[in-house]
Amino acid sequence: MRVLGVDPGLTRCGVGVVEGIAGRPLTMIGVGVVRTPADAELGDRLVAIEAGIEEWLDTHRPECVAVERVFSQHNVRTVMGTAQASAVAMLCAARRGIPVALHTPSEVKAAVTGSGRADKAQVGAMVTRLLRLTEPPRPADAADALALAICHIWRAPAQNRLQQAVARHATGARAAHALNAVHAPSAPSAGRTPNAPKGRTR
């Protein structure tokens, strides 16, 4: 599986491509950052992010795109920029029919380091170790993008099994409901009480 991880941001949007399967050594295919100037118009910055992500999709042709799920922070302005960059990444993938997976920061940290409260230095160190790199990717946004890709590769099999189990349960429930509907006793006719004795009424 080849996954493009996207750590969304307006000024620095981390991107990283990892290839491999769960339980086997992983390989980094590429890593980088899509940058936009802070003094540019918002629309122009989003267009620049779109162009950058499109270039990565063209070059590396991932099977899936893993994007950090936006969560609430105290800095609303930062959250808005992250959400907008995230939406651009999802749009680029959806336009090509590439599946998109969303992972929270704590999920990524737990998958890569074993702790959902790990700091950026710990994430960078584990990414370096897991991908057998000579040094941690810089800036941290790039390392986070690789961590997102690693997280998805490791979590995808379990998520797929869960989705299949849910689908089987839903199918079984629908089948049982349909069977019960077929064998359910019919309602009594209007105006007649069930099992009422026949005879002349007074």
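Shown above is the structure to which this text applies.
Keep in mind that what you see is a predicted model, and the values were worked out from it rather than measured.

A few points about the side chain of His60
Relative to the elements of secondary structure, His60 occurs in helix α1 (residues 42–60). Beyond its immediate chain neighbours, meaning those up to four positions away, His60 contacts Arg2, Val17 and Ile29.

Points about the sheet that holds strand β1 (residues 2–7)
Strand order in the open sheet made by the five strands is β3-β2-β1-β4-β5, with mixed pairing throughout. The open sheet has two edge strands with one neighbour each: β3 (27–35) and β5 (100–103). Across the sheet, the mean angle separating the axes of adjacent strands is 20° when strand polarity is ignored. Taken together, the six bridges between β1 and strand β2 (residues 12–19) define a ladder with antiparallel strand orientation. Each bridged residue has a counterpart across the sheet, and for Val6 the counterpart in β2 is Val15. In the packing of α1 onto the sheet, the strands contacted are β1, β2, β3 and β4 (64–68), and the crossing angle to β3 comes to about 160°. The strands touched by helix α2 (residues 76–95) within the sheet are β1, β4 and β5, with β4 carrying the most contacts at an inclination of about 170°.

A word on the side chain of Thr128
Note on placement: Thr128 falls in helix α4 (residues 120–130). The class for Thr128 is buried, based on a relative accessible area of 11%. Excluding its chain neighbours within four sequence positions, the residues that come into contact with Thr128 are Leu133, Thr134, Glu135, Pro136 and Pro137.

Rules used throughout
- Residues numbered from 1 in each chain as written.
- Predicted model: local features only at pLDDT ≥ 70, side-chain atom pairs only at ≥ 80, totals over all residues.
- Heavy atoms only, no water.
- Helix = DSSP H or I, 4+ residues; strand = E, 2+ residues; numbered from the N terminus.
- Contact = heavy atoms within 4.5 Å.
- Pairing = 2+ DSSP bridges.
- Axes fitted to C-alpha atoms, helices over the stretch in contact; angles between N-to-C directions.
- Buried < 20%, exposed > 50% of the residue type's maximum accessible area, 1.4 Å probe, protein only.

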